[in-house]
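Summary of structural features
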Amino acid sequence: MTVTLYHNPACSTSRTVLNMIREAGTEPEIILYLKTPPTREQLNTMLATSNQPARTFVRPKGELYTSLNLADKSLSDESLLDAIAQHPELLNRPVVTTPLGTRVCRPKELLFEVLSNAEK
């Protein structure tokens, strides 16, 4: 199974999910999204395969989130994805993509929805 992890090694949840993937016997493709941000097209695909709202992909912490007024519930999915594309630090992590779909793994247990061989 192909597994892609959009990863930030400074994030404990991201590190935990990476370990969970490896414990399931899979070595994921690791994308350090702060160095190699997902394109707008990739963000669209992630959202389309996630079964999660676009707002889930936005990290709701930090000055940038506040200054861009991303808490505004009237913002469209397109606006939220545009913000992430322009400012990759806004991507909530970790994001895992497999043939079963995409999940923002917060909480980490959401990994089980897209990684069939992971132990719960």
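Analysis parameters
- Residues numbered from 1 in each chain as written.
- Predicted model: local features only at pLDDT ≥ 70, side-chain atom pairs only at ≥ 80, totals over all residues.
- Heavy atoms only, no water.
- Helix = DSSP H or I, 4+ residues; strand = E, 2+ residues; numbered from the N terminus.
- Rg over C-alpha atoms; globule rule 2.2 N^0.38 Å.
- Contact = heavy atoms within 4.5 Å.
- Core = buried A, V, L, I, M, F, W, Y, C linked by side-chain atoms within 4.5 Å.
- Buried < 20%, exposed > 50% of the residue type's maximum accessible area, 1.4 Å probe, protein only.
- Pairing = 2+ DSSP bridges.

With that settled, consider the overall build of the chain. Each helix and strand in the chain was counted, giving 4 helices and 4 strands. Along the chain direction, N to C, the helices and strands of the chain fall in the order β-α-β-α-α-α-β-β. In terms of overall size, the chain behaves like a compact globule, its C-alpha atoms giving a radius of gyration of 14 Å where 120 residues would be expected to give roughly 14 Å. Principal-axis analysis of the C-alpha atoms places the extent of the chain at approximately 40 × 25 × 25 Å. For the chain, the share of sequence-separated contacts (at least 6 apart) that also reach a separation of at least 24 residues comes to 61%.

So, on to the nonpolar core. Formed by 19 residues in total, the largest nonpolar core has its most connected members in Tyr6, Phe57, Leu70, Ile84, Leu91 and Val95. Listed by contribution, the elements that provide at least two residues to this core are helix 2 (40-48) and helix 4 (77-86). Excluding its chain neighbours within four sequence positions, the residues that come into contact with valine 95 are Thr4, Leu5, Tyr6, Met46, Phe57, Thr102, Arg103 and Val104. Ranked by size, the runner-up nonpolar core spans 13 residues in total, among them Val3, Val17, Met20 and Ala24.

Here strand 1 (residues 4-7) shows no split at all, with Thr4 and Tyr6 on one side and Leu5 and His7 on the other all buried. Direction of pairing for strand 1 relative to strand 2 (residues 29-32): parallel, over a ladder of 4 bridges. Across the sheet, histidine 7 pairs through a bridge with leucine 32, a residue of strand 2. Pairing between strand 1 and strand 3 (residues 95-98): 3 bridges, direction antiparallel. Bridge assignment links threonine 4 to a residue of strand 3, and that residue is threonine 97.

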